[in-house]
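What the coordinates show
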Amino acid sequence: MKQIRNQQVSHLLKLLRRGQEMAMPKEGREKKTYTVFGGAAMLFIMIPCCIIVGVIAYVMTLAMMEAGGKEEGMLFIVQFISACAMIFGLNVIVNEFYFSSDIDYLLPLPVRTQDLILAKFWVTYQAESVMEFMVIFSAYIGYVLAIGVTPIGIITGLLGTVTLPIVPLVYCGIISMLLMFFFQGIRNRKVLNAIMGGMTLVLILGAFLSFQGLEGFSIDTYVTSLTSGENVFMNSMNIIFYPGYLLVHSAAAESWLEVVLYLLINIVLLAVFMAVANRIYLPGLYSFKSVSNKKEKGEERIRDQRQKGVFRSYFERN
């Protein structure tokens, strides 16, 4: 039975992954064009960005160490990436969980809710986190080189590269399911864009709050605010994304206990996500589909009336 379930999940993953993949040109001029532009984007955009992030993490860590700190520079990078991942991940999660075209084909199948939501979450995680993997890995290289290469530094770097995007996506998944369940679904993209805009404003406001209390802003005063623990933005992010704080701090303090605690918190958050999904995902999805179908039928009836005329449509219905 367990083997059959694993096969179902495997087939679900393949189906969902195929639905997200772009149709790649297989031959001819289009294939060459795609290869050239893809290679150019990687060579001239992604790789330089990753190098810059690594250098920034290295320089910031050295500056923090001179000011009496250690991990605050890396924490700033990790928490800022986590906040951005949550803002932009909400759109991706909502699209995959509720707006994807494969839902109409998957719902009639004998698939358990937890298998469906886990497969969708995994595919979203893979699609959304590729760039994050590269940026976080580059930042960790700079961070570990600055504090000194140690076994725990290498392990936390590899672990963080793979697992840090999980928490923001879990938050996005829970938020999207609660919105769909309690507000009868997001009926159009304008509502989603408004939510994302509001979250972006919160992030910008948080960045401004991080300058609060600085007398004459400069790099030195900002470094001091980070190392002294008086930075409002960072204190808030360290609470919201506490696992990220634990992982970065574990490398600086060489604490294996914090690494284990980091993994346990990730597991607990995933368990909470799955528990919420089992309770409210399908009711919210059915409610959203019901509203969408009624809206489509109403729009189709209006189109028929416009084409046939009001009086003809009235007599046909009666």
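Residues numbered from 1 in each chain as written. Predicted model: local features only at pLDDT ≥ 70, side-chain atom pairs only at ≥ 80, totals over all residues. Heavy atoms only, no water.

To continue, consider the overall build of the chain. A count of helices and strands for the chain gives 13 helices and zero strands. Secondary structure of the chain in N-to-C order comes out as α-α-α-α-α-α-α-α-α-α-α-α-α. Among the 318 residues that make up the chain, the fraction classed as buried is 40%. By sequence separation, contacts in the chain at least 24 residues apart represent 79% of the contacts at least 6 residues apart. A total accessible area of about 18,500 Å² is found for the chain, and carbon and sulfur atoms account for 67% of it. (Helix = DSSP H or I, 4+ residues; strand = E, 2+ residues; numbered from the N terminus. Buried < 20%, exposed > 50% of the residue type's maximum accessible area, 1.4 Å probe, protein only. Contact = heavy atoms within 4.5 Å. Areas by Shrake-Rupley, 256 points an atom, 1.4 Å probe, with all protein chains shown as cover.)

Our focus in this paragraph is empty space enclosed by the protein. Scanning all chains against the criterion turns up one cavity of 30 Å³ or more. Its boundaries defined by the atoms lining it, the largest cavity holds a volume of some 40 Å³. What lines the largest cavity is Val78, Ile81, Ser82, Glu132, Ile136, Leu164, Pro165 and Pro168. At the level of elements, α3 (72-99) and α5 (113-147) are the ones that each hand at least two residues to the lining of the largest cavity. In terms of residue count, α3 provides more of the lining of the largest cavity than any other element does, three residues in total. (1 Å grid on protein atoms, 1.4 Å probe; cavity = no way out; pocket = protein on both sides within 12 Å on 5 of 7 lines; lining within 4 Å. Points joined across faces, edges and corners; volume = space filled by probe spheres on them.)

With that out of the way, let us pick up the side chain of glutamate 258. Its place among the elements puts glutamate 258 in helix α12 (residues 256-308). Lysine 70 provides the closest opposite charge to the buried, salt-bridge-free glutamate 258, at an N-O distance of 11 Å. Once you skip the residues sitting within four places of it in the chain, glutamate 258 turns out to touch Leu246, His249 and Ser250. (Lys, Arg positive; Asp, Glu negative; His and termini not counted. Salt bridge = Lys/Arg side-chain N within 4 Å of Asp/Glu carboxyl O.)

In short, shape yes, function no, at least from these values alone.
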